[in-house]
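# Structure at a glance
Single-letter residue listing:
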Amino acid sequence: MKKKILIDVERLKYPRSGIANVCISLLKGLDKKLCQFKYSLYGPAKNIPSVTGNFQIINWKFWQKKIPINTSSFSLIHVTHQLSEYFHKKNSNQRKVVTLHDLNFLHDNSSERKIEKSKTLVQKNIGNADAIVCISEFVKEDFIKNINLFNINKDVKIEVIYNGLIFPENEKFSSNKNYDFINRNFILNIGVLFPKKNQESLLNLISENDRDLVLIASSAKSEYQEKFFQKVKSLGLEKRVHLLENIENTEKYFLLQHCESYCHPSLAEGFGIPPVEAMYFGKPIFLSNLTSLPEIGGDLAFYFEDFTAESMKNVYNKGMEKFNANPDYFKKKLKERAEKFSYNKMADAYEKLYKDLLD
């Protein structure tokens, strides 16, 4: 009889978020395998993608924070985010896996109150875990460096499983929208408009060249957005900066297909899904040299070491010159590197971990 595993995909209630994409990728990967286990998925049923396997769906309800569902029949529980508000308890005969995406709250100038609240929630999730999965070597190093902040099982496994992506089956996309920038050279950035994503620095870059800047955002922090557009106005860039919110994946792929480059100057990144998507499309990628991003881009990316206009311009111009000198080589190598972060590899690694814990 197959052992039962419960996977917490509650974050699918935010279907355009990075964590939701990772959950969907994991489910698709597990669904393609000859599964050794019987899986149940806990999350908003309307947002859980259809699967061919016989996966049970347990529909998420907000009140289950206070009245938890019965998990006694499960041999293993996988909490896919360290700030989950569910499944803090487990039975003595159960195993538990927690995916740790980052400890950004320790580094992003959060208030003491937010830091303590986040630490408490992380502790509730990882304190009784049998395995803690970090999504990059950087996250693992950061966790080990700050491990004294938490009480964990002495024999807990701590390992790295990279996030996996579902890449589009084709690389040519069309759009019915009339973007006024589409026939000009434009730089693309994808991500929540937050201070830690540092999109403001890209205004320094385009103030030194004639590129447009296109931002795809799932949501924005209003104070940062206001500050961002004040700077747009002060630099006279209103006609060259374009914010697109909550667009469909096919539209995103269309813009990846047509951009000159992808720039991701993030100050704090546990993994970095958008740079991998851009690599898949063979686009030159420009990243900050901070946190996990050098691990993702390797020697195929170009790195901003500071965010002054002159320095960013120099990095950008030299990077584009190097890319354009041998574009076929770069496109081939970038796509090959992106495919190392596939959803199948992620699912294989998680199922192996489940098996190791349950044998």
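Residues numbered from 1 in each chain as written. Predicted model: local features only at pLDDT ≥ 70, side-chain atom pairs only at ≥ 80, totals over all residues. Heavy atoms only, no water.

Time to look at the packing of aromatic side chains. By convention here, two paired aromatic rings are described through the distance between centres and the angle between planes. For the coordinates displayed, the defined rule picks out 27 aromatic pairs. For the ring pair Tyr-39 and Phe-55, a centre distance of 5.5 Å and an interplane angle of 55° mean the geometry is tilted. Taken together, the residues Tyr-39 in strand β2 (residues 38-43) and Phe-55 in the loop between β2 and β3 (56-59) connect sequence positions 16 residues apart. By the burial criterion, Tyr-39 is buried, and Phe-55 matches it. Taken together, the aromatic side chains of Phe-286, Phe-302, Phe-304, Tyr-316, Phe-323, Tyr-329 and Phe-330 make up a single cluster linked through ring pairs. (Phe/Tyr/Trp six-rings, centres within 6.5 Å; stacked < 30°, edge-to-face > 60°. Helix = DSSP H or I, 4+ residues; strand = E, 2+ residues; numbered from the N terminus. Buried < 20%, exposed > 50% of the residue type's maximum accessible area, 1.4 Å probe, protein only.)

A separate point is helix α6 (residues 249-258). The buried fraction of α6 amounts to seven of the 10 residues, a majority that puts the element mostly inside the structure. Turning to α6, its buried residues number three or more, namely Glu-251, Lys-252, Tyr-253, Phe-254, Leu-255, Leu-256 and Gln-257. Residues of α6 that are buried make contact with β8 (186-190), β9 (212-217), β10 (241-245) and α7 (273-280). (Contact = heavy atoms within 4.5 Å.)

Spatially, seven strands are ordered β3-β2-β1-β4-β5-β6-β7 in an open sheet, and the strand pairing comes out parallel. Taken across any chain shown, the strands that pair with only one partner, and hence form the sheet edges, are β3 and β7 (157-160). The average angle at which neighbouring strand axes cross in this sheet is 20°, direction not considered. Inspection of the sheet shows strand β5 (residues 95-100) paired to strand β6 (residues 131-134) by four bridges, in the parallel sense. (Pairing = 2+ DSSP bridges. Axes fitted to C-alpha atoms, helices over the stretch in contact; angles between N-to-C directions.)

Applying the stated criterion to the full structure yields 21 salt bridges. Note that Glu-269 and Lys-197 form a salt bridge whose closest N and O atoms lie 2.9 Å from each other. Of the two residues, Glu-269 sits in the loop between β11 (261-264) and α7 while Lys-197 sits in the loop between β8 and α4 (200-206), which places them 72 residues apart along the sequence. Of the two residues, Glu-269 and Lys-197, both sit in the buried class. For Lys-313, the salt bridge is made with Glu-310, and the minimal N-O distance between the two is 3.6 Å. Here Lys-313 pairs with Glu-310, and both are found in helix α9 (residues 309-325), just three residues apart, close to one helical turn. Under the relative-accessibility criterion, Glu-310 is labelled partly exposed at 43%. (Salt bridge = Lys/Arg side-chain N within 4 Å of Asp/Glu carboxyl O.)

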